[in-house]
Amino acid sequence: MIKISQLTKKFGSHVSLDNVSCEFRKNESIALMGANGAGKTTLIRSILGYYHPDHGDVLINGLNPVKERTKVLREISFVPQLPPPIKLSLDELIQYVSVSANVDRELMLHYADEMKLDIKANMNKSFFKLSGGMKQKMLIAISLAKKSGIIIYDEPTANLDPKARDDFYRLLKQNEDEKVLLFVTHRLEEVKDLVNRQIYMDLGKIVSDEIV
Amino acid sequence: MVYSLVFGGLIALFFIAGVTESQVMGFSGLSRLLLMYIQITIVILPIFILITTVRSISGDRDNHILEYMLSFPISLKQYYWGKIIGRFITVYLPVLFAMVIAVVYGAFKGADIPWAIFFLYTGLLFALSSAFLGIAFFISSFVKSSEVALGIAFFIWIFLLAFIDIALISLMMQQRFNEGLIIFISLANPMELFRVAAISLFDPELTVMGPVAFYILDSISQSAFVLLSIGYPLALGLIFAFLGYKIFEKKDLV
């Protein structure tokens, strides 16, 4: 599903990704690890089509994510490490997702409910005024409702309490079939039961890639 | 909200201060009120648009909103032009509504409504808003941080508002360049063009501007000048907005 070939990305003189090649296939759950500045976020952003590579390419189901971004992004769900301070109300955010990605509104409400987020009471509240945990729950609910073939989570449980983490893992287990799950994490023990592949990055290179 | 209050407040202040009852240089009633409104608008509208808009893309980039919102399958074209249209409505409607309120209140008070001036100003404000919105989005598309974007916006505003005039006046005084060229450069500045066009309906001969009026009205008729003063800033705004889009499309998004 995701094929990365000899990908190099530089920011000025800093090489963030150095000739990285790897492939992610269906039914793989990958933990992407490494120290700060190892290139994990740059790799994810390259998959999402945010960066123009200096060399090499990224193909998602055979499509270039920069040139064919709308087709590629229909297949990807993404939850960032820190929920951004979006000024839209929850209702408007749901509307945005529903219109842009054709995601069923009721399904988003369903997953929000599963994540124990009292969405009905907060529908007209600005997203950025919610607590960190509530924001994260909402983004997770959206990512699951999108029914994408590729789900990318950047430290998804950072703001979640233990109960919410359990809900999250339970829902992921129910939704992992025929998908690529990519977790960026510093705490392997949190996603250990979910992943079947571990990749370590350092200084812009993949230094270890193990099937577990 | 604050923005609407400023422009609505201005109109209210003019009525309270009795501007419509005063007469200066032959302008009275609602015409005088609209002239004063436009003179103040020319100073504050561009900086309002620049500082509130210049951070729209760079700000979204700074606080990772762009990273999340663009992870959904919308094209960059939809995102960029959608943002421009949204911003345009936000900056233009309050200014327009303030004028509409003035006209409605003036009519209620029994004043003559200067429709020609009202429609000219509606067009001029539309064109001026477009020009500065285009410039602001152009800056926002290539600047990495909001602070730098604000700095550039402020510099452009003060440059167009004062520096060009001061530089051109000094050149004119030294008689180094042909006056026609200096006036041409001056009128290439959308703020200056807006100022002159705003006067031209009250004073079609532009007598208040002195000899400069000859240069303008000798080379172009008054109605063509009014059309130019609406068409040029509009085109300038569209060109800058389009250039901004091209940069946005070609650069890394986050």
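Our subject is the structure that appears above.
Residues numbered from 1 in each chain as written. Chains lettered and ligands numbered in written order. Predicted model: local features only at pLDDT ≥ 70, side-chain atom pairs only at ≥ 80, totals over all residues. Heavy atoms only, no water.

Whenever I open this one, the overall build of chain B confuses me. Can you help?
Looking only at helices and strands, chain B has eleven helices and two strands in total. Mapped from its N terminus to its C terminus, chain B presents α and β elements in the order α-β-β-α-α-α-α-α-α-α-α-α-α. Long-range contacts, defined here as pairs at least 24 residues apart, represent 78% of the contacts in chain B between residues at least 6 apart. Looking at chain B as shown, the accessible area adds up to about 11,600 Å², and 73% of this sits on carbon and sulfur atoms. (Helix = DSSP H or I, 4+ residues; strand = E, 2+ residues; numbered from the N terminus. Contact = heavy atoms within 4.5 Å. Areas by Shrake-Rupley, 256 points an atom, 1.4 Å probe, with all protein chains shown as cover.)

What is the right way to look at the interface of chain B and chain A in this model?
Quite often, the size of an interface is put as the accessible area lost when its parts meet. Opposite the 20 residues of chain B that make contact, chain A presents 27 residues. The contact between chain B and chain A buries some 2,100 Å² in all, and 64% of this surface belongs to carbon and sulfur atoms. Among the salt bridges present, the one from A:K9 reaches B:D252, with a minimum N-O distance of 2.8 Å. Within the residue set of the side of chain B that touches chain A, elements represented by two or more residues are α4 (65–69) and α11 (222–250) of chain B. No other element matches α4(B), which puts five residues into the side of chain B that touches chain A. (Buried area = accessible area lost by both parts, 1.4 Å probe. Salt bridge = Lys/Arg side-chain N within 4 Å of Asp/Glu carboxyl O.)

Help me understand the pattern of salt bridges, please; the structure alone is not making it clear to me.
Pairing between side chains becomes possible if they bear opposite charge and their charged atoms approach one another. The tally for this structure, following the rule as stated, stands at 17 salt bridges over all chains. Between A:R25 and A:E28 there is a salt bridge, with the nearest N and O atoms lying 3.3 Å from each other.

Sorry if this is basic, but what is going on with the sheet that holds strand β1 (residues 2–11) of chain A here?
Strand pairing in a sheet takes place through backbone hydrogen bonds and is either antiparallel or parallel in direction. Residues and elements named next belong to chain A. Spatial strand order, β2-β1-β4: three strands in an open sheet with antiparallel pairing. The strands lining the two open edges of the sheet, one partner per strand, are β2 (14–24) and β4 (55–60). Going across the sheet, the axis of each strand differs from the next one's by a mean of 20°, ignoring polarity. Examined bridge by bridge, β1 and β2 share seven bridges and lie antiparallel to one another. Bridge assignment links F11 to a residue of β2, and that residue is H14. Its contacts with the sheet place helix α1 (residues 40–47) against β1, β2 and β4, and it is angled at close to 120° to β1. (Pairing = 2+ DSSP bridges. Axes fitted to C-alpha atoms, helices over the stretch in contact; angles between N-to-C directions.)

Sorry if this is basic, but what is going on with helix α8 (residues 179–188) of chain B here?
Two residues of an α-helix separated by three or four positions point the same way, owing to the 3.6 residues in each turn. Taken together, the buried positions of α8(B) are occupied by B:I182, B:I183, B:S186 and B:L187. Across the axial projection of α8(B), the buried residues extend over an arc of 130°, all falling on one side. (Buried < 20%, exposed > 50% of the residue type's maximum accessible area, 1.4 Å probe, protein only. Arc of directions from axis to C-beta.)

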